[in-house]
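Residue-level structure breakdown
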Amino acid sequence: MPDAVLTSSTRAKRLLEGEFGVPADTVVTLPDCADPVAFDPARFPEDRTEHPLRTALGIPPEHTVVGYLGLLTDYQGITPHH
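Residues numbered from 1 in each chain as written. Predicted model: local features only at pLDDT ≥ 70, side-chain atom pairs only at ≥ 80, totals over all residues. Heavy atoms only, no water.

Topic: the overall build of the protein chain
Of regular secondary structure, the protein chain possesses two helices and two strands. Element order for the protein chain, N to C, with α for helix and β for strand: β-α-β-α. Burial status across the protein chain gives 6% buried among its 82 residues. By sequence separation, contacts in the protein chain at least 24 residues apart represent 5% of the contacts at least 6 residues apart. Here the protein chain displays about 7400 Å² of accessible surface, and carbon together with sulfur accounts for 61% of that area. (Helix = DSSP H or I, 4+ residues; strand = E, 2+ residues; numbered from the N terminus. Buried < 20%, exposed > 50% of the residue type's maximum accessible area, 1.4 Å probe, protein only. Contact = heavy atoms within 4.5 Å. Areas by Shrake-Rupley, 256 points an atom, 1.4 Å probe, with all protein chains shown as cover.)

Examining a nonpolar patch on the surface
On the surface, L6, V28 and L30 cluster together into a nonpolar patch covering about 290 Å² of accessible area. By the element assignment, L6 lies in strand β1 (residues 5–7). (Patch = residues over 30% accessible without salt bridge, like charges linked within 9 Å, V, L, I, M, F, W, Y side chains within 5 Å. Salt bridge = Lys/Arg side-chain N within 4 Å of Asp/Glu carboxyl O.)

Some details on the side chain of T7
Looking at the secondary structure, you find T7 in strand β1. Residue classification places T7 among the buried residues on the basis of a relative accessible area of 8%. Reaching out from T7, the side chain makes a polar contact with the backbone oxygen of S9 at a distance of 3.1 Å. (Polar contact = N/O pair within 3.5 Å; in protein donor to acceptor, adjacent residues only side chain to side chain.)

With respect to the pattern of salt bridges
Taken as a whole and judged by the stated rule, the model has one salt bridge. Ionic pairing is found between E17 and K13, a salt bridge with its closest N-O pair at 2.7 Å. Residue E17 and its partner K13 are both found in helix α1 (residues 10–20); the two are separated by four residues, about one turn of the helix.

Section: the side chain of T26
Mapped onto the elements of the fold, T26 is located in the loop between α1 and β2 (27–29). Overall, T26 belongs to the buried group, its relative accessible area being 16%. At a separation of 2.7 Å, a polar atom in the side chain of T26 contacts the main-chain carbonyl oxygen of P23. Contacts of T26, omitting those with residues within four sequence positions, involve D3, A4 and V5.

Shown next as structure tokens:
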């Protein structure tokens, strides 16, 4: 048996404990979201040329960077174009 089981919701935690008998002290809820403090734009310098990761990846300072963590699938209403 594993030392810990990670779930993305408290509902899943309750299901694992109640329906499957997984001990409560081994189920940890890890929300499926981003930390708004870690990604607060105020934490980053106004001069985009100063960010070392941008420089390392060769991203010009005038380009906007947008991140997305998730799936783009049929069941979410996204139809792939071939």
